[in-house]
Amino acid sequence: MTETKQKRVLSGIQPSGEIHLGNYLGAVKGWVDRQAEKENFFCIVDLHSLTVPQEPEALRHQTRSLAAILFAAGLDPAKSTVFIQSHVRAHAESCWLLNCVTPLGWLQRMTQYKDKAGKQESVLMGLLDYPVLMAGDILLYDANEVPVGEDQKQHVELARDIGQRFNSIYGDFFVIPQPVIPEVGARVMGLDDPTVKMSKSYSHIRGHAVRLLDDAKELERSIKRAVTDSGNEIRFSEEPERAGVNNLLGIYKAITGKSVADCEADFSDARGYGDLKKRIAEVVIEELSPIRERYHTLMANPDDLDELLARGAEQARTLAEPKVAEMRRLMGLVLPK
Ligand code: ATP
Ligand code: LTN
């Protein structure tokens, strides 16, 4: 029997801010749905969260809370290694080593850096270095695929460039990864402003995000408040003024997995946008309620959660530690006896 080697998948999610429907549909749902076909590593990237100021206790709580959400959403420890980035020291170390092959100009060109830096008075060094830490996350595991939302494509491409640069200097060492962007849900827009992506950084703003842990009432309220246009036609559209309705239909499509035509047909008898929002709220509530319930059970058993995370980190270390040791050797460092 010939066995084809399973593709290795790695992705990451930041524990800062409240996880929202964009994170779920653009990333987490795809991780869960495809975990049986691949060898999977999912990393809660707490070191990335430190690139903007955090309140220490809040960050600690959100990190464990995000872990519970990932398990509640269906990541199965038997199929997916879920771990906290800072539990595996090789991530911080590989960042330093890769910093020493990465030209500054590559980082200064990143659109996320320019966006975030432009909004801050004082920019931390870590924010500029963010994509190098992310490249280390990916390259340490020789990941073939990196499933992310559209906004992270440029960072995965940079990880490829950094990996190729390392390989060209030190020999063929890293697997060069591919970004995997979902066909639907890759870019869920803010409910308050459908021209900007739904973002954790704004999830505290009323009416912006559909927060994953909100109860049914709150979910319904957020969706009912979503900005639409003054028309009443329910169809997918690229026209900027129809972005609100397009976003709601996109959410429906990503959750139900139906085709464009079937989604539009489902609303052919709807009486205006009020009706559209009511039905979108129903599918969102149906999708998220079981996740919320499992989340509360997991959070009520903190020792079990910590145990799962300890096992995840241990599994991750078995790959990451030898890899970083080999990086050191290739780069000319003396390995300790
Ligand atoms: P930020 O506040 O920095 O924008 P974020 O909401 O992008 O945070 P991350 O932890 O950086 O959250 O992203 C986790 C995953 O969710 C990534 O794969 C990212 O591409 C995806 N993602 C984030 N926002 C959206 C969105 N609006 N639509 C689809 N996918 C998204
Ligand atoms: N920058 C990513 C989070 C992230 C990541 C990764 C994603 C950190 N390391 C490695 C994929 C692979 C984001 O979602 N904002």
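Our structure is the block above this text.
None of the values given here were measured: they were computed from a predicted structure.

**Q** Which parts of the structure should I look at to understand the site of ligand 1?
**A** Taken together, the neighbourhood of ligand 1 is formed by 21 residues, with D151, V188, K197, K200 and S201 sitting nearest. Between H20 and ligand 1, the recorded distance is 2.9 Å, taken from a side-chain N or O atom to an oxygen atom. Coverage of ligand 1 by the protein amounts to 96% of the 600 Å² it exposes when considered alone. With four residues, the single largest contributor to the shell around ligand 1 is helix α1 (residues 21-34). When grouped by side-chain class, the residues that make up the shell around ligand 1 number six nonpolar, ten polar and five charged.

**Q** Sorry, what's going on with the site of ligand 2 here?
**A** Near ligand 2, the surroundings consist of 13 residues, among which G12, Y130, M134, D137 and Q152 are the closest. At a separation of 2.6 Å, a nitrogen atom of ligand 2 approaches a polar side-chain atom of Y130. Relative to its unbound accessible area of 360 Å², ligand 2 is 92% covered by the protein chains. Those elements that provide at least two residues to the shell around ligand 2 are β1 (8-13) and α7 (125-139). Per-element tally for the shell around ligand 2: the top contributor is α7, with four residues. For the shell around ligand 2, the per-class residue count stands at seven nonpolar, five polar and one charged.

**Q** Help me understand unusual backbone geometry, please; the structure alone is not making it clear to me.
**A** A negative phi angle characterises most non-glycine residues, just as the trans form characterises most peptide bonds. Despite not being glycine, D142 shows a phi value in the positive range, around 50 degrees. On the secondary structure map, D142 appears in the loop between α7 and β4 (145-147).

**Q** Would you take a moment to explain the packing of aromatic side chains for this structure?
**A** Any pair of aromatic rings gets described here by the distance separating the centres and the angle formed by the planes. Within the structure shown, the criterion is met by eight aromatic pairs. Relative to F174, the ring of F166 lies with its centre 4.9 Å away and its plane at 55 degrees, an arrangement referred to as tilted. Overall, the relative accessible area of 0% leaves F166 in the buried class. F174 gets classed as buried once you look at its relative accessible area, which sits at 4%. Taking 4.8 Å as the distance between ring centres and 65 degrees as the angle between the ring planes, the aromatic pair formed by Y252 and F267 counts as edge-to-face. Here Y252 is found in helix α10 (residues 243-256), whereas its partner F267 is found in the loop between α11 (260-266) and α12 (272-299), with 15 residues between them in sequence. Of the two residues, Y252 and F267, neither departs from the other in class, the shared state being buried. Ring pairs connect the aromatic residues F166, Y170, F173 and F174, which therefore count as one cluster. The ring of F173 carries the charged tip of K323 above its face, separated from the ring centre by 3.8 Å.

**Q** Before we go on, may I ask you to explain the pattern of salt bridges in this structure?
**A** Under the counting rule described, the total for this entry stands at 22 salt bridges. Taking the shortest distance from any N to any O, the salt bridge between K323 and D142 comes out at 2.9 Å. A residue pair is termed long-range when its members are at least 10 positions apart, and K323 in helix α13 (residues 302-330) and D142 in the loop between α7 and β4 qualify at 181 residues. Both residues of the pair, K323 and D142, count as buried. In the salt-bridge network here, residues are joined through shared partners; they are E233, R235 and E239.

What counts, and at which threshold
Residues numbered from 1 in each chain as written. Chains lettered and ligands numbered in written order. Predicted model: local features only at pLDDT ≥ 70, side-chain atom pairs only at ≥ 80, totals over all residues. Heavy atoms only, no water. Near = heavy atom within 4 Å. Polar contact = N/O pair within 3.5 Å; in protein donor to acceptor, adjacent residues only side chain to side chain. Areas by Shrake-Rupley, 256 points an atom, 1.4 Å probe, with all protein chains shown as cover. Helix = DSSP H or I, 4+ residues; strand = E, 2+ residues; numbered from the N terminus. Nonpolar A, V, L, I, M, F, W, Y, C, P; charged D, E, K, R; others polar. Phe/Tyr/Trp six-rings, centres within 6.5 Å; stacked < 30°, edge-to-face > 60°. Buried < 20%, exposed > 50% of the residue type's maximum accessible area, 1.4 Å probe, protein only. Lys NZ or Arg CZ within 6 Å of the ring centre and 35° of its normal. Salt bridge = Lys/Arg side-chain N within 4 Å of Asp/Glu carboxyl O.

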